Amino acid sequence: MSEAVRGEAIRSEAVGSGAVRDEKSRRRQMLVRASFYIAGTHLFAGFVILLFALGDRH
């Protein structure tokens, strides 16, 4: 292989691994965000159920 072809191959590998790393980072951020939304929704629903339970006592 010539030096130019070898250099191009190394650059394409670096770009490819960066794209994979970026995709993994985005996926992790999405999972964290989804976890927060799910947990927040469940907490809000639990609070509403608590309000109904307390309001039913009187």
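My aim in this report is to walk through the structure given alongside it, one point at a time. (Residues numbered from 1 in each chain as written. Predicted model: local features only at pLDDT ≥ 70, side-chain atom pairs only at ≥ 80, totals over all residues. Heavy atoms only, no water.)

## Digging into the overall build of the protein chain
Move 1: Helix and strand content of the protein chain: one helix and zero strands.
Move 2: Counting all 58 residues of the protein chain, 0% fall into the buried class.
Move 3: For the protein chain, the exposed surface amounts to about 5500 Å²; the carbon and sulfur share of it is 66%. (Helix = DSSP H or I, 4+ residues; strand = E, 2+ residues; numbered from the N terminus. Buried < 20%, exposed > 50% of the residue type's maximum accessible area, 1.4 Å probe, protein only. Areas by Shrake-Rupley, 256 points an atom, 1.4 Å probe, with all protein chains shown as cover.)

## Some remarks on a nonpolar patch on the surface
Move 1: Together, Phe47, Leu50, Leu51 and Leu54 line one region of the surface with nonpolar side chains, adding up to about 370 Å² of accessible area.
Move 2: Among the secondary structure elements, leucine 50 is positioned in helix α1 (residues 3-57).
Move 3: Overall, leucine 50 belongs to the partly exposed group, its relative accessible area being 44%. (Patch = residues over 30% accessible without salt bridge, like charges linked within 9 Å, V, L, I, M, F, W, Y side chains within 5 Å. Salt bridge = Lys/Arg side-chain N within 4 Å of Asp/Glu carboxyl O.)

## Here we look at the pattern of salt bridges
Move 1: In total, this model carries two salt bridges according to the counting rule given.
Move 2: A salt bridge links aspartate 22 to arginine 26; the shortest N-O distance between them is 3.3 Å. With aspartate 22 and arginine 26 both in helix α1, this residue pair falls four residues apart, about one helical turn.
Move 3: You can call aspartate 22 partly exposed: its relative accessible area is 37%.
Move 4: The salt bridge involving arginine 27 is made with glutamate 23; its shortest N-O contact spans 3.8 Å. Placement of both arginine 27 and glutamate 23 in helix α1 is noted, with a separation of four residues, approximately one turn of the helix.

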